[in-house]
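A structural walkthrough
So the chains spell out like this:
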Amino acid sequence: MTLRIVYSPCPNDTFVFHAWAHGLVPGAPPVDVTFADIDITNGMAERGESDILKVSYAVLPYVLDQYALLPCGGALGRGCGPLVLTREPGTDLAGKTVAVPSERSTAYLLFRLWAAAEVPGGVGKIEVLPFHEIMPAVRDGRVDAGLVIHEARFTYQNYGLHKLADMGEHWESTTGLPIPLGAIIAKRSLGEARLRELAAAIRESVRMAWDEPEASHAYVLEHAQEMDPKVADQHIGLYVNEFTADLGENGYAAVRGLLTRAAAEGLVPPLGPHALDF
């Protein structure tokens, strides 16, 4: 049975899933791949529209009745958090317009936790834009600030922009935990045995990518939206790490910590005690 899988065209996802998507993982079920940005995949998950998806950790409280969190394949780490960018250094965001990649994104959830502590009176309007449109919007003055993710960490200076704050630094300094960004989820209706098979397939796909990184090079660059190959390599090096192979104790602690803290602030529904199990 061919399974439907949706992930982003970003280098970390194409690197991780290259082997599986191309039928190179022994014993793994075939997959039909769709590429979509995070705001789209989050909405698809809420509507139950695919078997396997890459989504924001922030959307988990809304979808865990239908989907199980897989313990591998996602994006979680240290020094890799979203950034708030402005045209002028030290901009006061009180009452200002901020562009974000998705209102259900982990980036936005981390931003809301940061702003509650650091922006007295709160920001003004939130505008959702595809992540690749955010830096041009800030540069051109269409918004006052932008919350950026992924490779923007390496390229924002090219737009003449300034880093106002690092959401990951704030999260790590206040919790000591790694930063949970993107999760891999799969339909619970597939059954526990199949879910474990999928997790094994992802781990093997990650291992194969690390063992032969050049094998996925063309696939990564084909979907990287004209990204400089050096930036693509930096992107992979930052977002594909030990937590991609297995969340482990610290990874699960980070996920629970984020969603528990956000629920306490009334930002997401609370998780049940076994919501992250499958």
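For the structure itself, look to the data block above.
Notes on the structure in this doc start here. (Residues numbered from 1 in each chain as written. Predicted model: local features only at pLDDT ≥ 70, side-chain atom pairs only at ≥ 80, totals over all residues. Heavy atoms only, no water.)

1. Description of empty space enclosed by the protein
Using the criterion set out here, one finds two cavities of 30 Å³ or more in the structure. Approximately 210 Å³ is the volume attributed to the largest cavity. When residues of the lining of the largest cavity are traced back to their parent elements, those giving at least two are α1 (11–21), β3 (52–56), α4 (106–118) and β11 (179–187). Per-class residue counts for the lining of the largest cavity are nine nonpolar, eight polar and two charged. (1 Å grid on protein atoms, 1.4 Å probe; cavity = no way out; pocket = protein on both sides within 12 Å on 5 of 7 lines; lining within 4 Å. Points joined across faces, edges and corners; volume = space filled by probe spheres on them. Helix = DSSP H or I, 4+ residues; strand = E, 2+ residues; numbered from the N terminus. Nonpolar A, V, L, I, M, F, W, Y, C, P; charged D, E, K, R; others polar.)

2. A few points about the packing of α4 against helix α12 (residues 248–264)
The N-to-C vectors of α4 and α12 enclose an angle of 55 degrees; their axes lie 11 Å apart at closest approach. Classified by the interaxial angle, the pair formed by α4 and α12 is oblique. At the point where α4 passes α12, the crossing takes the left-handed sense. Contacts from T106, L109, L110 and L113 in α4 reach L258, L259, R261 and A262 in α12. Across the contact of α4 with α12, the residue classes break down as six nonpolar, one polar and one charged. (Axes fitted to C-alpha atoms, helices over the stretch in contact; angles between N-to-C directions. Parallel < 35°, antiparallel > 145°, perpendicular 65-115°, else oblique. Left-handed = near helix turned anticlockwise from the far one by under 90°. Contact = heavy atoms within 4.5 Å.)

3. Quick word on the nonpolar core
Counting residues in hydrophobic clusters, the biggest one holds 58 residues, and the most contacted among them are L60, F111 and W114. The dominant element in this core, judged by the number of residues it contributes, is α4, at eight residues. Counting 32 residues, the second largest nonpolar core, distinct from the first, contains F17, A19, V25 and M227. (Core = buried A, V, L, I, M, F, W, Y, C linked by side-chain atoms within 4.5 Å. Buried < 20%, exposed > 50% of the residue type's maximum accessible area, 1.4 Å probe, protein only.)

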